[in-house]
Amino acid sequence: QVQLVESGGGLVQPGGSLRLSCAASGTNFMVDAMAWYRQAPGKQRELVATISRGGSTTYADSVKGRFSISRDNAKNAVYLQTSNLKPDDTAVYYCYADVRIIRAIQDRRISVWGQGTQVTVSS
C-alpha cells in the first residue's frame, strides 16, 4: 500500500524555524492533495496547510504568513517550512495524503497519515 514518513521536528526557540518533510512510499499509487495537520496535548487535531497536486495552497489563519507548504511530485514529498515559531505552534505535526491506488479495473482512493513528528517551541 502506501506509507508516509515525516521528519524534521525538534526543539526550537520562539522566533525560530524548522522545515518538516514527508515522503510517500509504496507501489502503484498516485498522490493527489497533501496536507499538514497538528495536534497539541488536550486539543483537537487541526488542519495547518493544504496543497493540491497542481500546487494550490491554503493555510490556517494562525500560521498564514509564517508557514509555507510545498511539494515535489517527482519525489512524492510534501514540505512545511515554518518561521517565526511561537509556543502555540507546539504540537505533533502529521502529514496527510489523498492517495489513489492504481488498479486494473477501478482505482481506489485512500487517506494516508504519517506517524507524526514533534515540534516544540520553547525558551
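Keep in mind the model is a prediction, meaning the values are calculated, not measured.

A. Here's a closer look at the overall build of the protein chain. Summing up its helical and strand segments, the protein chain has 0 helices and 11 strands in all. Going from the N terminus to the C terminus, the protein chain shows its helices and strands as β-β-β-β-β-β-β-β-β-β-β. Buried positions account for 40% of the 123 residues belonging to the protein chain. A fraction of 58% describes how many contacts in the protein chain between residues 6 or more apart in sequence connect residues 24 or more apart. Summed over its atoms, the accessible surface of the protein chain is roughly 6,500 Å², and 48% of this surface lies on carbon and sulfur atoms. Counting 14 positive and 9 negative side-chain charges, the protein chain places the averaged centre of each group 2 Å from the other.

B. Quick look at the environment of alanine 91. Relative to the assigned elements, alanine 91 resides in strand S9 (residues 91-101). Spatially, the C-alpha atoms of alanine 91 and lysine 43 are 9.5 Å apart, while their sequence positions differ by 48 residues. Among residues more than four places away in sequence, those in contact with alanine 91 are Arg38, Gln39, Ala40, Thr117, Gln118 and Val119.

Rules used in this analysis
Residues numbered from 1 in each chain as written. Predicted model: local features only at pLDDT ≥ 70, side-chain atom pairs only at ≥ 80, totals over all residues. Heavy atoms only, no water. Helix = DSSP H or I, 4+ residues; strand = E, 2+ residues; numbered from the N terminus. Buried < 20%, exposed > 50% of the residue type's maximum accessible area, 1.4 Å probe, protein only. Contact = heavy atoms within 4.5 Å. Areas by Shrake-Rupley, 256 points an atom, 1.4 Å probe, with all protein chains shown as cover. Lys, Arg positive; Asp, Glu negative; His and termini not counted. Charge placed at Lys NZ, Arg CZ, Asp CG, Glu CD.

None of the figures reported here should be taken as evidence of function without further support.
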